[in-house]
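# Structure assessment
Residues per chain are reported as follows:
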Amino acid sequence: MPEPIWKLPRDEPRPPAVSIIIPSHRPQFLPEAIASVFAQTCQDFQLVVNYRREWWGEKINDVVNASRGPFVCILPDDDLLHPTYLAKALDASRGGFDIIFSDIQFFGDRTDVYRLPDFGVNAQRHACVPWMTALIRRQLWDELGGFDPDQILQDSDFYLRAALAGAEAAHIREPLVLARQHAGNGAKLMDHSAAALKLQAKHPQWFPSQFIAPPAPGEPNDGSAFVAPVQMPERFRQLAKLAGVIDP
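Here is a short report on the structure shown in this document. (Residues numbered from 1 in each chain as written. Predicted model: local features only at pLDDT ≥ 70, side-chain atom pairs only at ≥ 80, totals over all residues. Heavy atoms only, no water.)

Along its length, the protein carries 9 helices and 9 strands. Put simply, the protein has 248 residues, and 50% of those count as buried. Summed over all atoms, the accessible surface of the protein reaches about 11,700 Å², with 55% contributed by carbon and sulfur. (Helix = DSSP H or I, 4+ residues; strand = E, 2+ residues; numbered from the N terminus. Buried < 20%, exposed > 50% of the residue type's maximum accessible area, 1.4 Å probe, protein only. Areas by Shrake-Rupley, 256 points an atom, 1.4 Å probe, with all protein chains shown as cover.)

This part is about the side chain of S19. Assignment of secondary structure puts S19 in strand β2 (residues 18-24). The exposure class assigned to S19 is buried, which follows from its relative accessible area of 0%. Of the polar contacts made by the side chain of S19, one reaches the side chain of Q46; its length is 2.6 Å. Those residues in contact with S19 that sit more than four places away from it in its chain are Q46, S67, R68, G69, F71, V72 and C73. (Polar contact = N/O pair within 3.5 Å; in protein donor to acceptor, adjacent residues only side chain to side chain. Contact = heavy atoms within 4.5 Å.)

Taken as a whole and assessed by the stated rule, the structure comprises 11 salt bridges. For D112, the salt bridge goes to R110, with nearest N and O atoms at 2.7 Å. Of the residues examined, D112 reaches a relative accessible area of 33% and is grouped as partly exposed. D157 is paired through a salt bridge with K202; the nearest N and O atoms lie 3.1 Å apart. (Salt bridge = Lys/Arg side-chain N within 4 Å of Asp/Glu carboxyl O.)

Here Y114 shows up in strand β7 (residues 113-114). Overall, the relative accessible area of 23% leaves Y114 in the partly exposed class. Taking the C-alpha atoms as reference points, Y114 and W131, separated by 17 residues in sequence, lie 10.0 Å from one another. Beyond its immediate stretch of four places on either side in the chain, Y114 contacts D103, I104, F106, A127 and W131.

With that settled, consider the environment of H82. Here H82 shows up in the loop between β5 (80-81) and α3 (85-93). Distance in space between the C-alpha atoms of H82 and T41 is 9.5 Å, their sequence separation being 41 residues. Excluding its chain neighbours within four sequence positions, the residues that come into contact with H82 are Q40, L176 and L178.

Grouped together as the largest cluster of nonpolar side chains are 57 residues, with contacts concentrated most on V18, I20 and L135. When residues no more than four places from it in sequence are discounted, the contact partners of I20 are V37, F45, Q46, L47, V48, C73, L75, L81 and L86. (Core = buried A, V, L, I, M, F, W, Y, C linked by side-chain atoms within 4.5 Å.)

As a further point, take the packing of aromatic side chains. Counted according to the given criterion, the structure contains 8 aromatic pairs. For the pair F38 and F45, a centre-to-centre distance of 5.6 Å together with 65° between the ring planes defines the contact as edge-to-face. Under the relative-accessibility criterion, F38 is labelled partly exposed at 39%. Pairing Y114 with W131 gives two aromatic rings, centres 5.9 Å apart and planes at 80°, and the pair type is edge-to-face. Note that Y114 is positioned in strand β7 and W131 in the loop between α4 (121-124) and β8 (135-137), a separation of 17 residues in sequence. A network of ring pairs unites the aromatic residues W141, F147, F158 and Y159 as a single cluster. (Phe/Tyr/Trp six-rings, centres within 6.5 Å; stacked < 30°, edge-to-face > 60°.)

Written as structure tokens, this is what we have:
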């Protein structure tokens, strides 16, 4: 039997402004995430909840494809939205932006505010900007083919492709996304070295050549070692060392 997909509200007379997507595999957090959506000061949304026992990142495209709004917003089941998130993001969307994102308020094991840099290719080389949760124009999502299921850092890859495609983003400089920090965070459980290497292998032009070993003399070169002369972000350098791709 397929896992359930719940859509609320049903049978809208017109598409909602935003489809808020909650892919979930952790029922202990899901009620709080749903409650933060229904607490929004702007109620012009469709909520799509997909609960599956496996890690939701592998199924995110299926969940987004079940939505109807011209914008999608992916909310991990352990995170929350500030009550004014949707109203302020939709207000910013009137500028014709493809992506609208805010700063982050951590809670749980960490309680500081994460002031994100502005959107762009260089920001993607150092961190995932925006965070997972942002308003994404559905047209952009469809043009880019959604998340790449072969990537572990699916959101980083998507935003990098969006930046390379010339997408424009609005940065709301308020912490309107509340990101729960706990031992079960997907970012803490993933294989970081494998994730970084997959991302670099797909986009070698944005990392230095030593991140992928160049071919030995006489071996054919598929072009992976020909990259732009940029500095490797420190977090990727450390992961590459752990993975044995570059020397300590």
